[in-house]
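# Analysis of the macromolecular model
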Protein chains: 4
Amino acid sequence: MPAVRESTLDHACLIVHGPDQPGLVAAVTALITRNEGNIVTLDQYSDNPEGGAFFQRVVFHRAGLSAALPDIRADIAATLEPYGMEWRLTDQSIPKRMAILASTSDHCLLELLWRHRRGELPVTIPMVVSNHTNVADDVRSFGIPFFHVPSQGPDKSTAEARILELLRDNVDFVVLARYMQILSDDFLRDVAAPVINIHHSFLPAFIGAAPYRKAHERGVKLIGATSHYVTKDLDEGPIIEQDVVRVSHADTAADLQRRGSDVERAVLARAVTWHAEDRVIRHGNHTIVFP
Amino acid sequence: MPAVRESTLDHACLIVHGPDQPGLVAAVTALITRNEGNIVTLDQYSDNPEGGAFFQRVVFHRAGLSAALPDIRADIAATLEPYGMEWRLTDQSIPKRMAILASTSDHCLLELLWRHRRGELPVTIPMVVSNHTNVADDVRSFGIPFFHVPSQGPDKSTAEARILELLRDNVDFVVLARYMQILSDDFLRDVAAPVINIHHSFLPAFIGAAPYRKAHERGVKLIGATSHYVTKDLDEGPIIEQDVVRVSHADTAADLQRRGSDVERAVLARAVTWHAEDRVIRHGNHTIVFP
Amino acid sequence: MPAVRESTLDHACLIVHGPDQPGLVAAVTALITRNEGNIVTLDQYSDNPEGGAFFQRVVFHRAGLSAALPDIRADIAATLEPYGMEWRLTDQSIPKRMAILASTSDHCLLELLWRHRRGELPVTIPMVVSNHTNVADDVRSFGIPFFHVPSQGPDKSTAEARILELLRDNVDFVVLARYMQILSDDFLRDVAAPVINIHHSFLPAFIGAAPYRKAHERGVKLIGATSHYVTKDLDEGPIIEQDVVRVSHADTAADLQRRGSDVERAVLARAVTWHAEDRVIRHGNHTIVFP
Amino acid sequence: MPAVRESTLDHACLIVHGPDQPGLVAAVTALITRNEGNIVTLDQYSDNPEGGAFFQRVVFHRAGLSAALPDIRADIAATLEPYGMEWRLTDQSIPKRMAILASTSDHCLLELLWRHRRGELPVTIPMVVSNHTNVADDVRSFGIPFFHVPSQGPDKSTAEARILELLRDNVDFVVLARYMQILSDDFLRDVAAPVINIHHSFLPAFIGAAPYRKAHERGVKLIGATSHYVTKDLDEGPIIEQDVVRVSHADTAADLQRRGSDVERAVLARAVTWHAEDRVIRHGNHTIVFP
């Protein structure tokens, strides 16, 4: 049975998106009121009031939420169906289950494990999987299971099958914490859960391998990091968060890597937190983020 | 007759604040819907869902807004009175009238005049008043009236009376763009309009005169600027916006002043824009800013 | 006769660069001492102490500098020749002559003119040249000559010849303040002076036209601006300065343009100031900036 | 015997400061050259070329440094004595010994231990001392000794004596990583080593206890952290580094604390690194930082 977070007890998060149209906000707020919910936060965005797309996130408190969920869900379906809207309703007291895939670098991984231990990340972490073993002790010292799935050359199918076996039904989303293997399209389809990556450049600059070396060669004055959902197109998925840090001519490629790693872990931590709190809505190759 | 801004034609902004209670958001959104309004943006905040204060800003589109305003206002009053809420409704196509008070420094003044000319500041500027004359030509080159009201020593009453005479019924808010006179309590009462100041430090650090000199003496590594509403208590009013810039041991007090002036004009421009767009709600000595 | 800046009277700036080798710094500092100079600031950088390139900037005070310059130059040549170093010595009291090329946008242009009038830019501005006329009055209100050289379709040779005629022997460097014409290789060769551009993206992201539209399409969370020296390869020249500002899903392409224009003018102002103060050394496609 | 860092083998760092006067830079560089050193980096600063104070940091490579140190020191003394300068020369391959004092918060402590393990902090950490025990296991998992010295009410003399006993002759500087006890003047005198603190506000704003609560009450829009050398005057010592992060009306005091802790650890890590690399020179209540 999943841990229940006290401060979010009886809090639900409703995400609604679809074609914008008059009366939507009123319909949703009336719906929450008649289901005895009290709105705590409400964010909404329309990319074009004339025939655009509409996005809404509402967090509401409702005493006895878990018992009432079936009725609320039925009412939402009945209310929003006529509008043609997509929606999802989550009980905020139930943390999402987050698996982490890592390689040899530990800075993003440890940042997530440490924030989780401090209670800053509203997730459970059922496992860390790595194609290397150097982080095993660290991971287990946080009380988190570690699994070693070695990479095996160009044919990734065995390793990916093993990872899928571990993840199946055990996770709600996957984080690549500087995982240095490119996942196959088959894997992304079969994992059937959002996969969040951290790329060590300010995308779309320096797509692909060795971005710090490329940044050094180009002589940029800022370097960055980008967290995005993984899609079939490498480094092209919807961006969740980005940030940069100032560098100078005196920084070597190794310096860029060192300074960049601080940006990477900060950016990934923000992206993961926002995803875990249902603050991110994907829309085509964009994200709507209600921070 | 005031200029009408096309892009905001038929857009109203409703600000609601008061004691938080269940059903408020639903009541407001239902109200807008039954008055044929379509919500464009909605922000709300409660500082404590259990008995705290509630703040909401809704922008909605309503065809034929100006003719319908009396009816909408009556409905709002009838709807929100039972909740004990304060509210105000503005027609967003009617820009606020902003007077600027300045002294010899021109950087904040010119920033506002130039942004206004570019169409970035949704205000009209009926006048600039200064206790000096050096900026007169610049102001008039923007097509804006300039009035010289010299300071006259410790007794400010004559100068303030002259300024009040100019402002009365002509302005919706007043901006002190590095105006170097301290306004009396009587002036603040009689002007009967919000007054926004830019202070050249990161408040509450370096309250009072000569903040750059004090910052230099303390050896800080960042300097800042703060825009706030003016109250009787000097430099203690509700903060609207702040920002900082990095400095080093090598910067002299004059360097701090020069670098700080860039922060001052940026911070003041943001604060003024947010105020003009009804994005700022005062609450005690705090501001709620929906940017 | 050029204006003399009092605060820099009798100050010289010596730039030295070439192959790194032991004793270089000592040789340069001894040289300055025996020429009765007192070092005010000294910056140096070596990209690799083992056989790399060496860069140094020294500002020194020398009473009666202008009379002594020929002797000092002879001594520098004699001292640094054995090391195979390139060098240049400038009298810091003589401001560089900066021409500005502009189109219809005024934000970068006015930023430079304002800063110049405030005494923050150590340059003279002999002229502004534009292929449009809308900024003419503004420019002339600063007491600066304005020349209109209209663009004439795909064949730029006539317009460029006219601009070259205006610039020849009158300027030390050229700033493209959102000048929307691509300069030909012939122009860049014949102008025989550094040309500084501001590109409205965080290069190398969004090279070429319409970067704000591309940034909006990609869904980035930060937008930027880049100031660089212009070379034959469009948007590929050595970067002098870059900066970014945070944006969100709610910003339209027009919003990005508006917010980006603030970054553009700040970045260009810094790059121009550093160039004017001989703080930038070009090295291949990189810059060494001693700020 | 202390660990030797390979990349800094045979590198010395010379710090010189005292009254500015002509010929100083030349004297120092000539000195290094005649001692067969090759200058790698040189930074210098004078707070007033006419009778001010002069600060210089030179890193030079010298084959066989450790054997030559006595001769080089003698030459420095003979050269700089006539100028009345203070100086210190350190062998950069010998890391400074850094003790950490902590309480219950782990974020600053773990940040330093992580960076140290990654090789980013050029120090050894002979011990962590805490008045609590909750971080003991974490500290020891990094292979670092942990000592528990409980606080004992208003009379700190016993606890401080115990800490001094642990530190004596074992450390080169002390870091207070959110250590929540105020050290007595006697302790500061007897420890005879620099003590670096992290204060959880942008000093001089919110001096003293509970800065996040005070920041929340004042309604600031940015919160910060400040790392400084500890002096007798609480929160008044020379500032090494500061930074800020944006907050909003919606952040509670607990949110400010959480977001602030990220700034605290980043600021402290930079300050400690700069101190460890001899990049910080104290001068009265200021610091000269050559980053």
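Rules of the game
- Residues numbered from 1 in each chain as written.
- Chains lettered and ligands numbered in written order.
- Predicted model: local features only at pLDDT ≥ 70, side-chain atom pairs only at ≥ 80, totals over all residues.
- Heavy atoms only, no water.
- Contact = heavy atoms within 4.5 Å.
- Buried area = accessible area lost by both parts, 1.4 Å probe.
- Salt bridge = Lys/Arg side-chain N within 4 Å of Asp/Glu carboxyl O.
- Polar contact = N/O pair within 3.5 Å; in protein donor to acceptor, adjacent residues only side chain to side chain.
- Helix = DSSP H or I, 4+ residues; strand = E, 2+ residues; numbered from the N terminus.
- Nonpolar A, V, L, I, M, F, W, Y, C, P; charged D, E, K, R; others polar.
- Least-squares fit on C-alpha atoms with pLDDT ≥ 70 in both.
- Phe/Tyr/Trp six-rings, centres within 6.5 Å; stacked < 30°, edge-to-face > 60°.
- Buried < 20%, exposed > 50% of the residue type's maximum accessible area, 1.4 Å probe, protein only.
- Pairing = 2+ DSSP bridges.
- Axes fitted to C-alpha atoms, helices over the stretch in contact; angles between N-to-C directions.
- Domains from an automatic or database assignment.

### Re the interface of chain B and chain D
Taken together, the contact pairs 32 residues of chain B with 32 residues of chain D. Summed over both sides, the interface between chain B and chain D buries roughly 2,600 Å², with carbon and sulfur atoms accounting for 56% of that surface. One can count six salt bridges joining chain B with chain D. Applying the counting criterion to the chain B and chain D interface returns 22 residue pairs in polar contact (both at pLDDT 80 or more). Where the side of chain B that touches chain D is concerned, the elements lending two or more residues are helix 7 (211-218), strand 11 (239-246) and strand 13 (286-289) of chain B. With seven residues, the top contributor of residues to the side of chain B that touches chain D is strand 11 of chain B. In terms of residue class, the side of chain B that touches chain D is made up of 15 nonpolar, eight polar and nine charged.

### What to know about the relation of the copies chain B and chain D
These two copies of the chain differ by a rotation about an axis and a displacement along the same axis. Turning chain B through 180° and shifting it by 0.0 Å along the axis lays it on chain D, with an RMSD of 0.0 Å. Between the two chains, the operation in question is that of a two-fold axis. Among all residues of chain B, the one whose C-alpha sits closest to the rotation axis is Ala-205 of chain B, at a distance of 2.3 Å. Counting the interface residues of chain B, we find that 100% of their copies in chain D are interface residues as well, pointing to one common contact surface.

### So, the packing of aromatic side chains
Using the criterion set out here, one finds eight aromatic pairs over all chains in the structure. Between Tyr-45 of chain A and Phe-55 of chain A, the ring centres sit 6.1 Å apart and the planes meet at 15°, which makes this aromatic pair stacked. Placement of Tyr-45 of chain A in strand 2 (residues 38-46) and of Phe-55 of chain A in strand 3 (residues 53-61) is noted, with a sequence separation of 10 residues between them. Residue Tyr-45 of chain A is classed as buried on the basis of its relative accessible area, which comes to 14%. Seen in terms of ring centroids, Trp-114 of chain A and Trp-114 of chain D are 6.0 Å apart; in terms of plane orientation they differ by 80°. Their pairing is edge-to-face. In this pair, Trp-114 of chain A is assigned in helix 3 (residues 107-117) and Trp-114 of chain D in helix 3 (residues 107-117), connecting two distinct chains. Each member of the pair, Trp-114 of chain A as well as Trp-114 of chain D, is classed as buried.

### What to know about the pattern of salt bridges
Throughout the structure, instances matching the rule amount to 112 salt bridges over all chains. Put simply, Asp-255 of chain B and Arg-258 of chain B hold a salt bridge, and the shortest N to O gap is 2.5 Å. With Asp-255 of chain B and Arg-258 of chain B both in helix 8 (residues 253-276) and three residues apart, the pair spans about one turn of that helix. The partner of Glu-36 of chain C in a salt bridge is Arg-62 of chain C, with the nearest N and O atoms 3.8 Å apart. One end of the pair, Glu-36 of chain C, is in the loop between helix 1 (24-34) and strand 2 (38-46); the other, Arg-62 of chain C, is in the loop between strand 3 (53-61) and helix 2 (65-80), with 26 residues separating them in the sequence.

### What about the relation of the copies chain C and chain A?
Once turned by 180° and shifted 0.0 Å along the axis, chain C lies on chain A with an RMSD of 0.0 Å. Of the interface residues in chain C, 100% have counterparts in chain A that sit at the interface too, so the contact is made through matching surfaces.

### Here's the deal with the interface of chain C and chain A
Listed as interface residues are 32 residues of chain C and, on the opposing side, 32 residues of chain A. Buried area between chain C and chain A, both sides added, is near 2,600 Å², and the carbon and sulfur share of it is 56%. Across the chain C-chain A interface, the total number found is six salt bridges. Across the pair Glu-236 of chain A and Arg-218 of chain C runs a salt bridge whose closest N-O atoms are separated by 4.0 Å. Summed over the shared surface of chain C and chain A, the result is 22 residue pairs in polar contact (both at pLDDT 80 or more). For the side of chain C that touches chain A, the secondary structure elements donating two or more residues are helix 7 (211-218), strand 11 (239-246) and strand 13 (286-289) of chain C. Take the side of chain C that touches chain A: its biggest share by element is seven residues, from strand 11 of chain C. Classifying every residue of the side of chain C that touches chain A by side-chain character gives 15 nonpolar, eight polar and nine charged.

### What about the sheet that holds strand 6 (residues 123-130) of chain A?
All names here are of chain A. Here we have seven strands laid out as an open sheet, ordered 7-6-5-8-9-10-11, and mixed in their pairing. Edge strands, defined here as strands with exactly one partner in the open sheet, are strand 7 (146-148) and strand 11 (239-246). This sheet shows a mean twist of 20° between the axes of neighbouring strands, independent of strand direction. Sheet topology note: the strand 10 (residues 222-229)/strand 11 ladder contains seven bridges and is antiparallel. Within strand 11, the residue paired with His-228 across the bridge is Ile-239.

### Looking at helix 1 of chain C
Of all the 11 residues making up helix 1 of chain C, eight are buried; the element is thus mostly covered by neighbouring parts of the structure. Of all the residues in helix 1 of chain C, the buried ones are Leu-24, Val-25, Ala-26, Ala-27, Val-28, Thr-29, Leu-31 and Ile-32 of chain C. Each element contacted by the buried residues of helix 1 of chain C is listed here: strand 1 (11-19), strand 2, strand 3 and helix 2 of chain C together with helix 1 (24-34) and strand 2 (38-46) of chain D. Just past helix 1 of chain C, the residue Glu-36 of chain C takes up positive phi, approximately 65°.

### What to know about the domain arrangement of chain A
A common way to state how big an interface is: give the accessible area lost once the parts meet. Residue and element names in this part refer to chain A. On domain assignment, one finds that chain A holds domain 1 (6-91) and domain 2 (96-289). Between domain 1 and domain 2, the contact holds 11 residues from the first and nine residues from the second. The junction of domain 1 with domain 2 conceals about 760 Å² of combined surface from both sides, 58% of it contributed by carbon and sulfur atoms. Broken down residue by residue, the surface that domain 1 buries against domain 2 is led by Phe-55, Arg-57 and Arg-88, which jointly contribute 55%. Put simply, domain 1 and domain 2 have one salt bridge between them. Asp-278 is the partner of Arg-88 in a salt bridge, and the nearest nitrogen-oxygen pair spans 3.6 Å. Listed by contribution, the elements that provide at least two residues to the side of domain 1 that touches domain 2 are strand 1 (11-19), strand 3 and strand 4 (86-91). A per-element tally of the side of domain 1 that touches domain 2 places strand 3 first, with four residues. Residue classes in the side of domain 1 that touches domain 2 are distributed as five nonpolar, three polar and three charged.

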